[in-house]
Amino acid sequence: MAETSVTRRRIIGRITYLALALLILFVQLIPLDTVPPGLGGTSLLPITQPRALAGTETEVLFDPARWIGPDVLLLLTLAWVVRRPSFVSALAITAVYLLADMLLQRPPGLWSGLVLILTETLRRRARSLWTLPFMLEWATVAGGVIAISAVYRLVLSLTVVPHPPLGLTLLHLMITLALYPAAVFLSYALFGVSRPAPGEVDALGHRL
């Protein structure tokens, strides 16, 4: 009975993660920034350049409004991987982030690969993180996010791919890291994602 309960909880956790990830991507694609600045919209204008073809149309190099908010999908993924690794498989992370790369017009595979490396590193260290104070867990996650963000920006620079100014990138990074505790709290309060209790075992009888 206990084994069935653990298996059911894992399946529900995985379905919930995928549903939340798709919801976050859907919200990111909604054109929410259509309100004029005087009515509460953003005053940051996207940087554009003329299209290669003749005409007056332009293409957006990057939109500051997409960079000043937190990376909610990354916060969700990291909080769940650290606290309940069985809820977030490597395959699910790969699929979600490859889809995000395509929908958000990022270089396919670059950010998703870096996130996968970070999450698998945290997954292997999850058991040791469960015994640490939250501040050390937060610092570990923050260090990993800073590392992959630096690599991502370096690769974009070396390949001459348009990317946002350093100031916006740092602001985006700081907001994301500052909200990690909120992501952990909401994951626990709304979905029961917490550190395993001492002595808790998985469906195979292995101690978590």
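The preceding data block contains the structure.
K.L.:
Residue-level account of the overall build of the protein chain, with values.
P.N.:
Check the secondary structure of the protein chain and you find 7 helices and 2 strands. Going from N to C terminus, the protein chain has its helices and strands arranged as α-β-β-α-α-α-α-α-α. With 208 residues in all, the protein chain has 34% of them scored as buried. Taking contacts inside the protein chain between residues at least 6 apart in sequence as the whole, the part at least 24 apart equals 70%. When the accessible area of the protein chain is evaluated, it comes to approximately 12100 Å², of which 71% is carbon and sulfur surface.

K.L.:
Please provide a residue-by-residue account of the packing of aromatic side chains, values included.
P.N.:
Under the definition given, this model contains 6 aromatic pairs. Where W111 meets Y152, the ring centres are 5.1 Å apart and the plane angle is 65 degrees; that geometry is what we call edge-to-face. Of this pair, W111 sits in helix α4 (residues 110-129) while Y152 sits in helix α5 (residues 134-158); the two residues are 41 residues apart in sequence, bridging distant segments of the chain. When its relative accessible area of 9% is taken as the criterion, Y152 is described as buried.

K.L.:
Tell me about the nonpolar core, and please be specific about residues and values.
P.N.:
Counting residues in each nonpolar core, the largest one holds 40 residues, and the members touching the most others are Y17, W80 and Y97. Looking at this core, the elements that each hand over two or more residues are α1 (2-29), α2 (72-83), α3 (90-103), α4, α5, α6 (166-178) and α7 (180-191). Examining the composition of this core, we find that 9 residues originate from one element, α2, more than from any other. Those residues in contact with Y17 that lie beyond four places of it in its chain are L76, T77, W80, F87, V88, A92, I93, V96 and Y97.

Calculation criteria
Residues numbered from 1 in each chain as written. Predicted model: local features only at pLDDT ≥ 70, side-chain atom pairs only at ≥ 80, totals over all residues. Heavy atoms only, no water. Helix = DSSP H or I, 4+ residues; strand = E, 2+ residues; numbered from the N terminus. Buried < 20%, exposed > 50% of the residue type's maximum accessible area, 1.4 Å probe, protein only. Contact = heavy atoms within 4.5 Å. Areas by Shrake-Rupley, 256 points an atom, 1.4 Å probe, with all protein chains shown as cover. Phe/Tyr/Trp six-rings, centres within 6.5 Å; stacked < 30°, edge-to-face > 60°. Core = buried A, V, L, I, M, F, W, Y, C linked by side-chain atoms within 4.5 Å.

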